[in-house]
Amino acid sequence: MRTIVKIGPSSALTNGGERLAGIDGLRAIAMTMVIAQHCGLLPFGWIGVWLFFVISGYVITRGFIAEESSVHLGRALPSAGRRYGAFVRRRLLRIVHAYALYVGACVLLFAIPYGMAGSTDLIGLITFTYNWQMVFQPAASTVHWPAIAHLWTLSVEQQFYVFFPLLFLGVPERWRWKLACALVLLAPLTRWLWLLVVGAAMPDADAGRLAFSVYAATICQIDAFLLGALIARFQPQLLRNPRLPMRWLWMAVASVAVFGVIYMSLNYARGDRGADVFKNIFSGTLYGQGRELFGYSVINLFAAGVLLVTIAGVRGTAWLSKPWMTWIGRISYGGYLFHALVLWGLSDSIGEQLKYAPTAWRVAGFATVFMTTVGLASLSFSFFEQPIARRFKTWASRRASVPRMLKSAKIEL
């Protein structure tokens, strides 16, 4: 049974003014996976970021669709330019102040002990182009300060928020979803072409660095967002058959299994034995023998299946709507930001990176990092992010009321 929570207009909408609590539960899982990986417990925890990507594509598309459906209720639809500007402002409002707080804290903490070499990273961080900076900088100088490497994903998200509305608002309805489908289906080809271009631009780059360029390049991961967008667009059709969501998920699981078997066989054929047979299948940056071309498509298909069964309220997903899961999901953005700083502090205190510590230490460290992160993110959300959002909405509401008052005054005159 799906749980719907009524919320304000700036929150992640699933339709009109409703929020599907299960999606917040998925965000909680995604955040937990990333933290577990960084603590050395879950080698494939990075997949949580791709789950975030799929959810983001779904949520913002539902917002655009809700705007267009308001026309049927007699409301005038603003121009494409005004809709685009309003959307970008809402995204900036949700992202920038917590992001600025985190980056500012990192500058204060690391500038003295680590020097100002990290200031070169600030250009990419401030302009939300940090992923490109990491792709094209020499590997040895990619990250000068601890606890900022994970911020490349925020650059990818923000770039999607800038360019996706241009597709939605600028391309006619009859073409936009065909184009989105084409981009999803052709994603492996896009990644292959990208490797050719980057390989030519960086002839000295090894296979690992080229694969990382696929991992962090927005153009190579756009299909994750677009899959979520397509689910939002065709949600009524997808949910019309109650068995379809589970069929999608089982198909995705089968594709994951096939991908895994193929690359385990290839690992075995080249001489790997024991645990090495499972190496570089879903752990770390995918590369070699086409992994970086097709691996992300398989992961995105699975993430989309998980999202779809959650939306459908399939049996077994109700726990995602538990209040504690919903809360962790709501503060997961701050949790994703802050966990790296918390992990750095813990690792610094024990004298080594937690992911290299004994297993018992990693388990205890994960529990410590997770609870501390949730606490910090909750404080940030309740006393920093939300108050700023409320003040902005109040200011925007007052600003919007002035033209209406002037128009009313002219009519009375």
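Residues numbered from 1 in each chain as written. Predicted model: local features only at pLDDT ≥ 70, side-chain atom pairs only at ≥ 80, totals over all residues. Heavy atoms only, no water.

A.B. asks: Which parts of the structure should I look at to understand the overall build of the protein?
C.D. replies: What the protein contains, in helices and strands, is 16 helices and two strands. Per-residue burial over the protein gives 48% buried out of 413 residues. Partitioning the contacts of the protein with sequence separation of at least 6, the portion at a separation of at least 24 is 72%. Accessible area for the protein stands at about 20100 Å²; split by element, carbon and sulfur atoms hold 68% of it. (Helix = DSSP H or I, 4+ residues; strand = E, 2+ residues; numbered from the N terminus. Buried < 20%, exposed > 50% of the residue type's maximum accessible area, 1.4 Å probe, protein only. Contact = heavy atoms within 4.5 Å. Areas by Shrake-Rupley, 256 points an atom, 1.4 Å probe, with all protein chains shown as cover.)

A.B. asks: Help me out: how do you make sense of the confidence of the model for the protein in this one?
C.D. replies: On average, residues of the protein carry a pLDDT of 86, and 86% of them reach 70 or more. The low-confidence segment residues 1-17, where pLDDT is below 50, has 43 contacts with residues more than four positions distant or belonging to other chains. Predicted confidence for residues 405-413 stays below pLDDT 50, and this span has zero contacts to residues more than four positions away or in other chains. (pLDDT = per-residue confidence, 0-100.)

A.B. asks: Is there a simple way to explain the packing of aromatic side chains in this structure?
C.D. replies: The relative placement of two aromatic rings is captured by the distance of their centres and the angle of their planes. Evaluation of the coordinates by the stated rule reveals 31 aromatic pairs. Judged by centre distance (6.4 Å) and plane angle (65°), the rings of Phe-136 and Trp-194 are edge-to-face. Of this pair, Phe-136 sits in helix 5 (residues 130-136) while Trp-194 is found in helix 8 (residues 187-201), placing the two residues 58 residues apart along the sequence. Over the face of the ring belonging to Phe-234 we find Arg-233, whose NZ or CZ atom lies 4.6 Å from the ring centre. Here Arg-273 stacks its cationic end above the ring of Tyr-268, 3.7 Å away from the centre of that ring. (Phe/Tyr/Trp six-rings, centres within 6.5 Å; stacked < 30°, edge-to-face > 60°. Lys NZ or Arg CZ within 6 Å of the ring centre and 35° of its normal.)

A.B. asks: Help me understand the nonpolar core, please; the structure alone is not making it clear to me.
C.D. replies: Grouped together as the largest cluster of nonpolar side chains are 115 residues, with contacts concentrated most on Trp-50, Tyr-99 and Leu-151. Excluding residues within four positions of it along the chain, Leu-151 makes contact with Tyr-99, Tyr-102, Val-103, Leu-125, Tyr-130 and Leu-337. (Core = buried A, V, L, I, M, F, W, Y, C linked by side-chain atoms within 4.5 Å.)

A.B. asks: What exactly am I supposed to notice about unusual backbone geometry here?
C.D. replies: With the exception of glycine, most residues fall at negative phi, and the peptide bonds are largely trans. With a phi close to 55°, Phe-128 is a non-glycine residue in the positive phi region. Note on placement: Phe-128 falls in the loop between helix 4 (119-126) and helix 5. You will see that Ala-147, though not glycine, has its phi angle at about 70°, which is positive. Turning to its location among the elements, Ala-147 is positioned in the loop between helix 5 and helix 6 (152-170).

A.B. asks: Hey, could you run me through helix 12 (residues 244-269) in this one?
C.D. replies: Since there are 3.6 residues in each turn of an α-helix, residues three or four apart along the chain are aligned in direction. For helix 12, which comprises 26 residues, the first-to-last C-alpha distance of 37 Å matches the rise-based estimate of 38 Å (1.5 Å per residue) to within 8%. Among the residues of helix 12, those classed as buried are Pro-245, Trp-248, Leu-249, Ala-252, Phe-259, Gly-260, Tyr-263 and Asn-267. On the buried face of helix 12, the contacting elements are helix 10 (218-233), helix 11 (235-240) and helix 13 (291-312). With its phi angle positive at about 110°, Gly-271 sits one or two positions after the end of helix 12. (Expected span 1.5 Å × (residues − 1).)

A.B. asks: How should the side chain of His-97 be read in this particular structure?
C.D. replies: Of note, His-97 is situated in helix 3 (residues 80-114). The class of His-97 is buried, set by a relative accessible area of 13%. Setting aside anything within four residues of it in sequence, one finds His-97 in contact with Leu-92, Phe-384, Glu-385 and Ile-388.

A.B. asks: Sorry if this is basic, but what is going on with the packing of helix 8 against helix 13 here?
C.D. replies: How two helices sit against one another is set out by the angle between their axes and by the gap between those axes. With their axes 8 Å apart at the nearest point, helix 8 and helix 13 run at an angle of 145° to one another. Along this stretch, helix 8 crosses helix 13, giving a crossing that reads as right-handed. Along the contact surface, helix 8 presents Ala-187, Pro-188, Arg-191, Trp-192 and Leu-195, while helix 13 presents Glu-292, Leu-293, Phe-294, Tyr-296 and Ser-297. When its residues are assigned to classes, the contact of helix 8 with helix 13 shows seven nonpolar, one polar and two charged. (Axes fitted to C-alpha atoms, helices over the stretch in contact; angles between N-to-C directions. Left-handed = near helix turned anticlockwise from the far one by under 90°. Nonpolar A, V, L, I, M, F, W, Y, C, P; charged D, E, K, R; others polar.)

A.B. asks: Even after reading the chapter, I still don't get the side chain of Thr-317, so can you show me in this structure?
C.D. replies: Here Thr-317 shows up in the loop between helix 13 and helix 14 (323-330). On the accessibility criterion, Thr-317 (13% relative accessible area) is buried. Contact partners of Thr-317, with chain neighbours within four places excluded, come to Val-309 and Thr-310.

A.B. asks: Quick question: what am I supposed to make of a nonpolar patch on the surface here?
C.D. replies: Taken together, the side chains of Leu-185, Leu-186, Leu-189, Trp-192, Leu-193 and Leu-196 present a nonpolar region at the surface, about 610 Å² in accessible area. The leading source of residues in the nonpolar patch is helix 8, at four residues. If you trace the backbone, Leu-196 turns up in helix 8. When its relative accessible area of 46% is taken as the criterion, Leu-196 is described as partly exposed. (Patch = residues over 30% accessible without salt bridge, like charges linked within 9 Å, V, L, I, M, F, W, Y side chains within 5 Å. Salt bridge = Lys/Arg side-chain N within 4 Å of Asp/Glu carboxyl O.)

A.B. asks: Mind showing me how you'd approach the pattern of salt bridges here?
C.D. replies: Two side chains of opposite charge can pair, provided their charged atoms sit close to one another. Here the structure, examined in full by the defined rule, presents eight salt bridges. The closest approach of N and O atoms between Asp-24 and Arg-27, which form a salt bridge, is 2.9 Å. One end of the pair, Asp-24, and the other, Arg-27, are both in helix 1 (residues 21-38), three residues apart, so they sit about a helical turn from each other. Residue classification places Asp-24 among the buried positions, given a relative accessible area of 0%. A relative accessible area of 13% means that Arg-27 is categorised as buried. A salt bridge links Glu-173 to Arg-233; the shortest N-O distance between them is 3.1 Å. Here Glu-173, found in helix 7 (residues 173-185), pairs with Arg-233, found in helix 10; they are 60 residues apart in sequence, far enough to count as distant.

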